[in-house]
Amino acid sequence: MSDETKSMGISEARANLTEVVNQVRLLGEPVVLMRRDKPQAAVVPMAWLEWAQSQLGAGKGPDSRQEG
């Protein structure tokens with residue numbers, strides 16, 4: 001995670017979800033969600049998600065759990 005990437009606790013993000021989504025959507029800046037000072041997930045602009053899916057295939061991230 002770069003020094004410029006915004007992060008916040010999951011509880012804070014839940015309490016301010018509208019503002020978090022607006023920041024990501026309007027400013028194009030991702031927000032990393034933390035629990036106990038460890039990154040757990042990220043809220044990213046749709047363009048980032050669509051690009052990642054086009055590169056990796058939908059639902060095939062590095063931590064995806066595939067059945068089979």
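Everything in this summary refers to the structure shown in the same document.

Cut-offs applied
Residues numbered from 1 in each chain as written. Predicted model: local features only at pLDDT ≥ 70, side-chain atom pairs only at ≥ 80, totals over all residues. Heavy atoms only, no water. Helix = DSSP H or I, 4+ residues; strand = E, 2+ residues; numbered from the N terminus. Buried < 20%, exposed > 50% of the residue type's maximum accessible area, 1.4 Å probe, protein only. Pairing = 2+ DSSP bridges.

Examining unusual backbone geometry
Move 1: A positive phi is found at Arg 36, a non-glycine position, where the angle reads about 55°.
Move 2: Tracing the backbone through its elements, the reader meets Arg 36 in the loop between β2 (31-35) and β3 (38-43).
Move 3: For Arg 36, a relative accessible area of 76% corresponds to the exposed category.
Move 4: The backbone of Asp 37 sits at a positive phi, close to 60°, despite the residue not being glycine.
Move 5: Relative to the helices and strands, Asp 37 is located in the loop between β2 and β3.
Move 6: Classification of Asp 37 as exposed rests on a relative accessible area of 73%.

Digging into the pairing of β2
Move 1: Of all five residues making up β2, four are buried, and the element is well covered by its neighbours.
Move 2: Across four bridges, strand β1 (residues 6-9) lies against β2 in parallel orientation. Considered in β2, the bridge of Ser 7 is made with Val 32.
Move 3: Pairing between β2 and β3: five bridges, direction antiparallel. Residue Val 31 lies in a different strand from β3, and its bridge partner there is Val 43.
Move 4: Linkage of β2 to β3, two consecutive antiparallel strands, is achieved through a turn of two residues, within which Arg 36 is found at a positive phi near 55°.

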